[in-house]
Every structure is written in C-alpha cells, then in structure tokens.
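# Breakdown of the fold
Chain residues, written in single-letter form:
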Amino acid sequence: MIEMDSKKLLYEGKAKSVFQGENADEVIIDFRDDMTAGDGARKESMGKKGYFNSIICAKIFETLEEAGVETQLIELTEPCVMKARKLDMIPIEVIVRNIATGSIIRKFPFEDKSPFNPPLIQMDFKADEFHDPMLNDAIAIALGIASQEDLDKLRELALKVNEVMSKMFKEIGIILVDFKIEFGKDSQGNIILGDEISPDSCRLWDAETLDMLDKELFRQGKDDEVIDAYEEVFNRLLTEEDKAKWNIK
Ligand SMILES: Nc1ncnc2c1ncn2[C@@H]1O[C@H](COP(=O)(O)OP(=O)(O)OP(=O)(O)O)[C@@H](O)[C@H]1O
Ligand SMILES: [Mg+2]
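Per chain, residue numbering runs from 1 following the sequence as it is written. Chains carry letters and ligands carry numbers; both start at the beginning, A for chains and 1 for ligands, and go up in the order they are written. Given that the model is predicted, a residue must reach a pLDDT of at least 70 before its local features are reported, and side-chain atom pairs must reach 80 or more before they are shown or counted; all residues, however, enter totals for whole chains, interfaces and linings. Side-chain numbers here rest on the full set of heavy atoms in the structure, without hydrogens or water.

How we decide: UniProt positions are given in the numbering used here, feature names are shortened, and annotations may be inferred rather than shown by experiment.
If you look the protein up in an unreviewed UniProt entry, it shows as Phosphoribosylaminoimidazole-succinocarboxamide synthase from Methanobrevibacter ruminantium. Quoted straight from UniProt, the Pathway (unreviewed entry) entry for the protein says "Purine metabolism; IMP biosynthesis via de novo pathway; 5-amino-1-(5-phospho-D-ribosyl)imidazole-4-carboxamide from 5-amino-1-(5-phospho-D-ribosyl)imidazole-4-carboxylate: step 1/2." On record in UniProt, under Catalytic activity (unreviewed entry), the comment for the protein is "5-amino-1-(5-phospho-D-ribosyl)imidazole-4-carboxylate + L-aspartate + ATP = (2S)-2-[5-amino-1-(5-phospho-beta-D-ribosyl)imidazole-4-carboxamido]succinate + ADP + phosphate + 2 H(+)".

## Comments concerning the sheet that holds strand β14 (residues 202–206)
Remark on secondary structure: sheet strands pair via backbone hydrogen bonds, oriented parallel or antiparallel. So the rule is basically this: Only when DSSP finds a minimum of two bridges between them are two strands counted as paired. Segments assigned H or I by DSSP are reported as helices when at least four residues long, segments assigned E as strands when at least two residues long, and all are numbered from the N terminus. Lines fitted to C-alpha atoms define the axes here, with helix axes fitted over just the stretch in contact, and angles between the N-to-C directions of these axes take values from 0 to 180 degrees. Contacts are assigned to residue pairs with any non-hydrogen atoms lying within 4.5 Å of each other.
Overall, antiparallel pairing links the four strands, which are arranged β10-β9-β11-β14 in an open sheet. Two strands bound the open sheet, and with one partner strand each, they are β10 (115–125) and β14. Direction aside, the axes of adjacent strands within the sheet are offset by 15° on average. Against the sheet, helix α4 (residues 148–170) makes contact with β9 (92–99), β10, β11 (174–181) and β14, and its axis sits at roughly 155° relative to β11, the strand it touches most.

## Looking at the domain arrangement of the protein
Cut-off, in case you're wondering: Throughout the structure description, domain borders are defined by an automatic or database domain assignment. Buried area adds together the accessible area that both of two parts lose upon being put together, with accessible area traced by a 1.4 Å probe. We count a salt bridge whenever a side-chain nitrogen from Lys or Arg sits within 4 Å of a carboxyl oxygen from Asp or Glu.
Domain boundaries in the protein define domain 1 (4–87 + 230–245) and domain 2 (88–223). Its C-alpha centre places domain 1 at a distance of 18 Å from the equivalent point of domain 2. With 33 residues of domain 1 at the contact, the number on the domain 2 side is 34 residues. Summed over both sides, the interface between domain 1 and domain 2 buries roughly 3,000 Å², with carbon and sulfur atoms accounting for 64% of that surface. Summed over the shared surface of domain 1 and domain 2, the result is seven salt bridges. Of the charged contacts in the structure, one is a salt bridge between arginine 236 and aspartate 206, with a shortest N-O distance of 2.6 Å.

## Remarks on the environment of serine 187
Counted only if it meets this: Only protein chains enter the accessibility calculation, which uses a 1.4 Å probe. A residue is then buried if its area is under 20% of the maximum for its type, exposed if over 50%, and partly exposed in between. N or O atoms closer than or at 3.5 Å make up a polar contact, with two conditions inside protein: a donor-capable atom paired with an acceptor-capable one, and, for residues adjacent in sequence, both atoms drawn from side chains.
Note that serine 187 resides in the loop between β12 (183–185) and β13 (191–193). Among the residues examined, serine 187 registers a relative accessible area of 72% and is labelled exposed. Considering only alpha carbons, one finds serine 187 and aspartate 33, 154 residues apart in sequence, at a separation of 31 Å. A polar contact is formed between the side chain of serine 187 and the side chain of glutamine 188, at a distance of 3.3 Å.

## Side note on the site of ligand 1
Short version of the rule: Only heavy atoms are used to decide nearness, and a residue is near a molecule or strand if one of them lies within 4 Å of it. For the accessible areas, the method is Shrake-Rupley and the probe is 1.4 Å, while residue cover comes only from the protein chains on display. Classes in brief: Ala, Val, Leu, Ile, Met, Phe, Trp, Tyr, Cys and Pro nonpolar; Asp, Glu, Lys and Arg charged; the others, Gly included, polar.
Near ligand 1 lie 14 residues; those nearest to it are Tyr11, Ala15, Lys16, Gln72 and Lys126. Note that a nitrogen atom of ligand 1 is positioned 2.9 Å from one of the backbone N or O atoms of arginine 85. Residue lysine 126 places a side-chain N or O atom 2.5 Å away from an oxygen atom belonging to ligand 1. Computed on the free molecule, ligand 1 has an accessible area of 610 Å², of which 86% lies beneath the protein chains in the complex. In terms of residue class, the shell around ligand 1 is made up of five nonpolar, two polar and seven charged. No fewer than three residues from each of domain 1 (4–87 + 230–245) and domain 2 (88–223) sit in the shell around ligand 1.

## Structural notes on the layout of surface pockets
Sizing a probe to match a water molecule and rolling it over the atoms shows the empty space that remains. Selection criterion: Using protein atoms alone on a 1 Å grid, points that fit a 1.4 Å probe yet trap it form a cavity, whereas open point sets bounded by protein on both sides within 12 Å along at least five of seven lines form a pocket; residues with an atom within 4 Å of a point count as lining. Grid points are joined across faces, edges and corners, and a volume is the space filled by probe spheres set on the points.
Approximately 150 Å³ is the volume attributed to the second largest pocket. In this structure, the second largest pocket is lined by Asp25, Glu26, Ile74, Arg85, Lys86, Leu87, Asp186, Ser187 and Gln188. Classifying every residue of the lining of the second largest pocket by side-chain character gives two nonpolar, two polar and five charged. A domain-level breakdown of the lining of the second largest pocket finds at least three residues from each of domain 1 (4–87 + 230–245) and domain 2 (88–223).

In structure tokens:
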C-alpha cells in the first residue's frame, strides 16, 4: 500500500490507484484488494488480491514483451506496486473471446461454451455513466476516441496478446476463455498495452475440470472461493526463478 501524501494521486479506480511517478512519463500503479461487481454496486475487500494480481500481471506483461508486444511495465518494484509508463489511455475496452460465455450470450444467440474461430474481438466504450456500450469503428471515430488506423492496430495487438496468453495458460492447464485489455498512447503516439491483465480481467477455466479461476466467482457470489482461485493461477504461473526475482517465498 502506498502512502497517499508521499505521492500525487492521479486517479483512484475501482481496483487500482494510479500515482505520479518520479519521472514525468512514469506512473506508480497500486493494486488494491478491492473487488467490485455490477458497475460498482457491490464492493468487498479480498485479502491478498492486489498481491496476486500485480505479480500475475507483471509475469504476463514480461512474457508479452518477450513476444514483441510493447507494454507499460517498467518494473514491479514490490508486490502490489508496479512502476509503469504513463499513457494517455484510449477509453476502449478491447475484449477478446475464444469461447462464448457471459454478456455475449445474453446479448446474442450464441450457444453457451461454443468456441469462436477465429477469436471474436469486441470493443466497448469505457464510460461507466453509459454502462460501457459496445462500439463499432464508425462510432469510435465519430466520438473522436480513435482513428481507423488506431482501431486496426488495437485489433492486431489484441490478437497477438491472445495468441501469446492462450499458449502461456495452456502450458499450465488453463483455458483462456476471454479477457479485456486497455491501451494508451505514449508521448510519441505509439500504442502501448496498459492497465492490467489478471484474473480480474480474464475468464480462466481449469482445462480438466472447467472450474472457474477468475473474478466470475465473485460475480456469482462465491466470495469464499475467489482468493484460492487467484492463488492457484499464481502458483501455476510463477516459476521458482520468478519467485526469487520478486522475493516471493
Ligand atoms: N499506464 C497507465 N497510464 C495512465 N493511466 C493508466 C495506465 N494504466 C491504466 N491506467 C488507468 O488507471 C485506471 C486504473 O484504475 P482501475 O482499473 O481500478 O479503475 P477503472 O478502470 O476506472 O475502473 P474499473 O476497471 O473497475 O472499471 C484506469 O482508469 C486506467 O485506464
Ligand atoms: Mg480498470
């Protein structure tokens, strides 16, 4: 947890707090234990969630970097605290779906658990007051939140992220069902992967049992199962080498 008065708070979201970093082009992201559902209608503190999410996120971002996807990650200074590149965030939630479940089957007649081949990319306008409505390119361009070139780049990057992450999770016996990512621009206008990737923003199913290992447990009110699920993902994802690097016992 970061002391409020020692750093300038730029933004306090529902799960993370973003502080100005020492350099003008850096931010410090504090991963909190808060968990919300239903546009913030329900809010609970989930023990050690920030710890697990920040480390899982750093591990995923490092793997993406190795695969050539630029991310905000500078370093995980300590568990829960990520030093990151400060980005001008694009208010679009880019969602990639490999299997149909959740809101997509409530809005459209897709069969529950049916696969998408190729993966389905959906973009939602990130605006709580409008309940994050689904976008198309024309609406995004008319809103002035992205150009056609930006939108094409977002899709290209999202597919690459999906490819790398699907493989990464498959290797540890987890199916990457779907996920949400956010991008921003650096001072040169390059589109960079920002925010977080964690069990808060992905649907992850155990490949054998199809048990949920993500925030869906919380949405369904199974609060007592949430942290064990996150810890399971953490334990499968982190190698001994990773643990040594981040001083994790
Ligand atoms: N590298 C970055 N530079 C600047 N802002 C960032 C960066 N990465 C993420 N952000 C922004 O910081 C905020 C993170 O907070 P958080 O995710 O808790 O809240 P939220 O996105 O407003 O709400 P929620 O995710 O619960 O809908 C988001 O607004 C996100 O867009
Ligand atoms: Mg968020």
